[in-house]
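Structural overview for review
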Amino acid sequence: MIKKMKLPHIPPYKTKMIEPVYFRSKKARSEKIKEVNFNLFNLHSDWVVIDLITDSGTGAMSEQQWAEIMLGDESYAGSESFFKLKKAVKKIMGFNLIAPTHQGRAAENVLFSATLKEGQVVPGNAHFDTTKGHIEFRKAKAVDCTIKEAFDTSTYHPFKGNIDIEKLENVIIKYGPETIPFIVITVTCNTVGGQPVSLENITKTKEIAKKYNIPVYMDIARYAENAYFIKIREAEYKEWSIKAIIKEMFRDIDVVWMSSKKDGLVNIGGFIALNNYELFEKLSQFTIIYEGFVTYGGMSGRSMGALAVGLKEACDFHYLEDRIGQVAYLGEKLKSFGIPIQEPTGGHALYIDAKKMLPQIPQSEFPAQLLAVELYIEAGIRGVEIGTLLADKDPKTGKERFPEMELLRLAIPRRVYSNAHMDYIAEAMKNVKNRAKELKKGLVIKKQAEILRHFTVELDRK
Ligand code: F0G
């Protein structure tokens, strides 16, 4: 009899092409970060050793995707690549109509131009900042209905991206269903840590929406990662394939939009998908004004072809197991060094609790941004603040608004880094933790924009 022996896990791919990484001294980095006003978005990428600023558009494409790049049909109208994308969306997600856009926020712009008016209210689970930005830009209001467990990094909940159904219903009653053009479910929920939403919760949200006759929209940037969590954490779906779970997630959802730079496994792109032809016609006018003709909407033919392949590859169980497993691997390492992280680990990133790591720095001095700066100086790792800077000031009162959590996000690009890189990140974070007490003061703002300020803000040490 052949005995079954367990082998270690390895990624389901190997490397065909490499990119160089440049190393600098700690002293050089600490001068550089001052020169760029303590804003990590201002760093040239050759000053970064491991870039964890985002998992968006930073993944590595497969050989099949590169082959599609060569096959790209760049016709202005009726591109063959568009039809490949349309077919993939129909097959994987079940939607008949698709409007490509150049990225996720462009999809928000097109979709909200057709569906959202001043004074309206959009409840959802911790809307992503561009979503919130596009809602507030139209003088409408985004109301966060995420479950309270999401805001305590140390409590375990398998689906911290879930909507608090009672809160959702109260919000609908408070503002009146007629002021709510749609509810948004973001899968996975980036803002609270790449945390998934369960199918049970999606179903309950749809029930409430149906009761009040409100459409449900989904922001599906990380739909495949969400499906993976459902398979491994929601008992009822254990035996389901990722593809079947995805179909179930999208059943009776009115509209989805996607930043394809995440689970589309491409470097740029986005789309809106739906079955309602009337709404499609309405939003197509905005596609044409803002993005381009309806069969490319801001994407090149070759990008649409690569996306059609990427959408399929992202649904592969072994790929997802490796991808989310790598995030969990880094999480375990960080935990073993006593670094406070959002638990359980999410799909695309690690979220470090800056309030716990730097309790001496008040929120008004941007502790998560300070942590990002210190990690950069320590080891050239670039993360991003998800805290007071990102939250922006209240657009009505102009006052600073302090979110419940101050997080440093370390987003892991798809198929780019190895577990050796994860070990480097964990060691660097440990070094920062060991000198955290010495940091007595935070940062102050020198210059800022009114909306989405974190991209361009200029800071100084206090
Ligand atoms: N929705 C979600 C959930 C997102 O995470 C993002 C982008 C967008 C919409 C907007 O898409 O960037 O293509 O315009 N998130 C990136 C991030 C920027 O780093 O998390 P986009």
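Residues numbered from 1 in each chain as written. Predicted model: local features only at pLDDT ≥ 70, side-chain atom pairs only at ≥ 80, totals over all residues. Heavy atoms only, no water.

**Here we look at the site of the ligand**
- Not every one of the 16 residues close to the ligand is listed here, only the nearest: Thr54, Arg105, Asp219, Ser259 and Lys262.
- Between an oxygen atom of the ligand and a main-chain N or O atom of glycine 104, the distance comes to 2.8 Å.
- Between the ligand and asparagine 190, the relevant distance is 2.8 Å, taken from an oxygen atom to a side-chain nitrogen or oxygen of the residue.
- When isolated, the ligand has an accessible area of 470 Å², and the protein chains bury 94% of it. (Near = heavy atom within 4 Å. Polar contact = N/O pair within 3.5 Å; in protein donor to acceptor, adjacent residues only side chain to side chain. Areas by Shrake-Rupley, 256 points an atom, 1.4 Å probe, with all protein chains shown as cover.)

**Looking at the packing of helix 4 (residues 104-115) against helix 5 (residues 129-137)**
- For the pair helix 4 and helix 5, interaxial distance at closest approach is 10 Å and the crossing angle is 30°. As the angle between them shows, helix 4 and helix 5 are arranged roughly parallel. The element helix 4 and its partner helix 5 pack so that their crossing is right-handed. In this structure, helix 4 contributes Arg105, Glu108, Asn109 and Phe112 to the contact, and helix 5 contributes Thr130, Thr131, His134 and Ile135.
- In terms of residue class, the contact of helix 4 with helix 5 is built from 2 nonpolar, 4 polar and 2 charged. (Axes fitted to C-alpha atoms, helices over the stretch in contact; angles between N-to-C directions. Helix = DSSP H or I, 4+ residues; strand = E, 2+ residues; numbered from the N terminus. Parallel < 35°, antiparallel > 145°, perpendicular 65-115°, else oblique. Left-handed = near helix turned anticlockwise from the far one by under 90°. Contact = heavy atoms within 4.5 Å. Nonpolar A, V, L, I, M, F, W, Y, C, P; charged D, E, K, R; others polar.)

**A short note on the pattern of salt bridges**
- The tally for this structure, following the rule as stated, stands at 30 salt bridges.
- Between aspartate 46 and arginine 24 there is a salt bridge, with the nearest N and O atoms lying 3.6 Å from each other. Highlighted residues: aspartate 46 in the loop between helix 1 (26-35) and strand 1 (50-51) and arginine 24 in the segment before helix 1, separated in sequence by 22 residues.
- Take aspartate 46: its relative accessible area is 33%, and that puts it in the partly exposed class.
- Of the charged contacts in the structure, one is a salt bridge between glutamate 248 and arginine 251, with a shortest N-O distance of 2.9 Å. (Salt bridge = Lys/Arg side-chain N within 4 Å of Asp/Glu carboxyl O. Buried < 20%, exposed > 50% of the residue type's maximum accessible area, 1.4 Å probe, protein only.)

**What to know about the sheet that holds strand 9 (residues 349-353)**
- On the basis of which strands lie adjacent, the open sheet formed by 3 strands has the order 9-12-11 and antiparallel pairing. Both edges of this open sheet fall to strand 9 and strand 11 (384-386), since each of them pairs with a single strand only. Taken pair by pair, the neighbouring strands of this sheet meet at an average axis angle of 35°, ignoring direction.
- Sheet topology places strand 11 next to strand 12 (residues 407-411); 3 bridges connect them, and they run antiparallel. Along strand 12, the bridge assignment pairs valine 384 with arginine 409. (Pairing = 2+ DSSP bridges.)

**Overview of empty space enclosed by the protein**
- Evaluated as defined, the whole model comprises 1 cavity of 30 Å³ or more.
- Reported here for the largest cavity is a volume of approximately 70 Å³.
- Asn39, Leu40, Phe41, Ile53, Gln369, Gly383, Val384, Glu385, Leu389, His454 and Val457 together form the lining of the largest cavity.
- Class assignment for the residues of the lining of the largest cavity results in 6 nonpolar, 4 polar and 1 charged. (1 Å grid on protein atoms, 1.4 Å probe; cavity = no way out; pocket = protein on both sides within 12 Å on 5 of 7 lines; lining within 4 Å. Points joined across faces, edges and corners; volume = space filled by probe spheres on them.)

**Topic: the layout of surface pockets**
- One number sums up the size of the largest pocket: a volume of about 1800 Å³.
- Every residue lining the largest pocket is counted, 49 residues in all, and those nearest its centre are Met17, Ala60, Arg415, Val416 and Tyr417.
- Counting residues per element, the ones that place at least two in the lining of the largest pocket are strand 1, helix 2 (63-71), helix 12 (317-336) and helix 16 (419-434).
- Here the lining of the largest pocket gets 9 residues from one element, more than from any other, and that element is helix 12.
- Split by domain, the residues of the lining of the largest pocket number at least three in each of domain 1 (26-55 + 317-461) and domain 2 (63-313).
- Approximately 1300 Å³ is the volume found for the second largest pocket. (Domains from an automatic or database assignment.)

**Describing the domain arrangement of the protein**
- The domains assigned to the protein are domain 1 (26-55 + 317-461) and domain 2 (63-313).
- For domain 1 and domain 2, the distance between their C-alpha centroids amounts to 26 Å.
- Facing 33 residues of domain 1, the contacting portion of domain 2 comprises 35 residues.
- Summed over both partners, the interface of domain 1 with domain 2 buries about 2800 Å², with 57% contributed by carbon and sulfur atoms.
- Seen at the junction of domain 1 and domain 2, the total is 6 salt bridges.
- One salt bridge connects aspartate 55 with arginine 222, and the closest N-O pair in it is separated by 2.9 Å.
- At the surface where domain 1 touches domain 2, the tally comes to 20 residue pairs in polar contact (both at pLDDT 80 or more).
- Listing elements by their share of the side of domain 1 that touches domain 2, those giving two or more residues are helix 12, strand 9, helix 15 (388-391) and strand 12. (Buried area = accessible area lost by both parts, 1.4 Å probe.)

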